[in-house]
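# Overview (structure and organization)
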Amino acid sequence: MHRVPPSARTTSRRIRRPLDALGLTDVVPRDTGHGTWRARIRRAVRAGTRPGPWRRGRVLAASALLLGLLMLLHARITDRGGLGSLVESFLPWFGLFVPVLLAGALWRRSASAVVALVLPVTVWLSLFGGLLGNRSGPGGDLTVVSHNVDAGNPDPAGTARDLAASGADVLALEEITPQAAGMYEKELAKAYPYHAVLGTVGVWSRLPLSDTRPVDIETDYGPLAATKPADARSAETRALRTTVATDRGPLAVYVAHLGSVRVLPGSGFWTESRDRGAKALAKAVAAEPDQRVVLLGDLNGTLDDRAFAGLTSRLESAQDLAGDGFGFSWPARFPVARIDQILVRGVRPESAWLLPATGSDHLPVAAAVSW
C-alpha cells in the first residue's frame, strides 16, 4: 500500500481548513472521485452567486413602500369615480397588509423588505395609533345618543325601548319612516317629554327644546327641486337644528342623515349627494352663533374621508377624543366603518362608546360631554 508522507498529510490539512470555511471541502481529494469534488465546487459557486438578504424580496420591499406612500398621500389620490373616498373610508384596514408583507419578508429572508416596512408601520401609527387604547374617563354633564334606526327595522318598538334604557339625555334618530314615527313617539314619550320630528330625523330630550327648524343639506337638488310643494319637501327633510336648554346654558344640537353612497357599474363609488350634503351642513355649522354645538347623525362616511374636511375643521369627534378603539358602527353584524358620528364644539367629551345592537343595521353611538 502506498503511504502518504506525514509532511504531505500536514500540508493537505492546512489547505483544506480555509477551503472548508468557503464550502469547498475536499478540494484536495482524499479517497473521493472527481465527480464528488466537482459537485462540491458547483454548490460553492451557486452559494456565492445566490442573492444576499438585501437583494432578495425586491417585490415585497416595493409593495411595502407603495403601501406606506398610499396611506401617507391618501389625500392626493384622485377622487374620480369616488376612488379617493373609497380608499379613505377603509383606510385603517390597510394596516392589515403589514403583517402579511412581514410574513413574506421573513419567509424570503429579505432584509430590504423588513426595512421597507418601517414606512407603512410609521404612517399607520401616526394616523391611527392614538385610537388603539381606551381614552374614556368618568363623569359627564350630558349623555347624547345617535342611532340610524333603519327604515326596514322589523321591531321599532323594541329599538325604542332599548334606546330609552340607555339613559341618554338627548336622543337623535335617523331614517324614521312615517309608518314607524308614531311607534317611536309612543315608546319614548315617558322617558323623553320633549321631542321634535322633521321628515326622517328626530330628536328626543329630557330637557326643553326650542328653536327647532330644518337644515337644508341640499338632498333634493336640481332644476325641479324648487317646484316641489312645501309639504313634499318637508317630508324629505334629513337634517334639523334645535336648542337644548341645559342648566349650563343653551346647547345647539344638529341631527343629520346625509345622502347614501353607492357602488355603481361604470361610474364607480358614487358620493355626489353625500358630499353635497356635507358641504351644506358644514356651512350651517359655520354660521351657528352658539359656541356650544353637538352634531349627531349618520354621515354615511368616515371622518378620514376628504368630503368632511369642512366639518372636521370646525368640530371634533367624541370617539377620537374619548372613545375606546375605533368604534366601528356599520354594519351592525360585522362593523367595518364608523359612519355614525358625534361631533362637538365648545363642550368636552368625557367618554364615547357603542350601544348594543337593535333591530337596525347600524349600532347606536353614545357620548358623555361636560362643560
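It should be emphasised that the depicted structure is a prediction, and the values quoted were computed from it without experimental measurement.

What the protein chain contains, in helices and strands, is 13 helices and 14 strands. The burial tally for the protein chain puts 46% of its 371 residues in the buried class. In the protein chain, 69% of the contacts between residues at least 6 apart in sequence involve partners at least 24 apart.

On the secondary structure map, S110 appears in the loop between α5 (97-108) and α6 (111-116). Side-chain polar atoms of S110 contact the backbone nitrogen of A113, separated by 3.1 Å. If we skip the residues at most four places from it in the chain, S110 touches P53, R56, G57 and A105.

Grouped together as the largest cluster of nonpolar side chains are 24 residues, with contacts concentrated most on V144, L251, V294 and I342. When contributions to this core are tallied by element, the ones reaching two or more residues are β1 (142-148), β2 (170-174), β4 (201-205), β6 (239-246), β7 (249-257), β10 (293-298), β12 (340-345) and β14 (365-370). Counting 21 residues, the second-largest nonpolar core is a separate cluster that includes A239, L281, A282 and V293.

Another point: the sheet that holds β2. With mixed pairing, the six strands of this open sheet are ordered in space as β3-β4-β2-β1-β14-β13. Of all strands in the sheet, those bounded by a partner on one side alone are β3 (194-198) and β13 (348-354). For this sheet the average axis-to-axis angle between neighbouring strands, irrespective of direction, equals 15°. Bridge count for β1 against β14 is five bridges, and the pairing is antiparallel. Within β14, the residue paired with T143 across the bridge is A368.

Right, let's talk about the packing of aromatic side chains for a bit. For the structure shown, the criterion picks out six aromatic pairs. An angle of 25° between the planes, with centres 5.6 Å apart, marks the rings of W93 and F328 as stacked. You can see W93 sitting in the loop between α4 (83-89) and α5 and its partner F328 sitting in the loop between α13 (318-322) and β12, a full 235 residues away along the chain. The class for W93 is partly exposed, based on a relative accessible area of 30%. For the pair W124 and F326, a centre-to-centre distance of 6.3 Å together with 55° between the ring planes defines the contact as tilted. Taken together, the residues span a long stretch of sequence, with W124 in helix α7 (residues 118-128) and F326 in the loop between α13 and β12 at a distance of 202 residues. For W124, a relative accessible area of 16% puts it in the buried group.

To continue, consider the sheet that holds strand β5 (residues 209-214). Taking strand neighbours across the sheet as the criterion, the six strands line up as β5-β6-β7-β10-β12-β11 in an open arrangement whose pairing is mixed. Two strands in the sheet have a free side with no partner beyond their single neighbour: β5 and β11 (316-317). Here six bridges tie β10 to β12, and the two strands are oriented antiparallel to one another. Bridge pairing in β12 links L295 to L343. Helix-sheet contacts for helix α11 (residues 272-286) involve β7, β10 and β12, and the interaxial angle to β7 is about 175°.

The rules we used
- Residues numbered from 1 in each chain as written.
- Predicted model: local features only at pLDDT ≥ 70, side-chain atom pairs only at ≥ 80, totals over all residues.
- Heavy atoms only, no water.
- Helix = DSSP H or I, 4+ residues; strand = E, 2+ residues; numbered from the N terminus.
- Buried < 20%, exposed > 50% of the residue type's maximum accessible area, 1.4 Å probe, protein only.
- Contact = heavy atoms within 4.5 Å.
- Polar contact = N/O pair within 3.5 Å; in protein donor to acceptor, adjacent residues only side chain to side chain.
- Core = buried A, V, L, I, M, F, W, Y, C linked by side-chain atoms within 4.5 Å.
- Pairing = 2+ DSSP bridges.
- Axes fitted to C-alpha atoms, helices over the stretch in contact; angles between N-to-C directions.
- Phe/Tyr/Trp six-rings, centres within 6.5 Å; stacked < 30°, edge-to-face > 60°.

Structural measurements only, silent on function.
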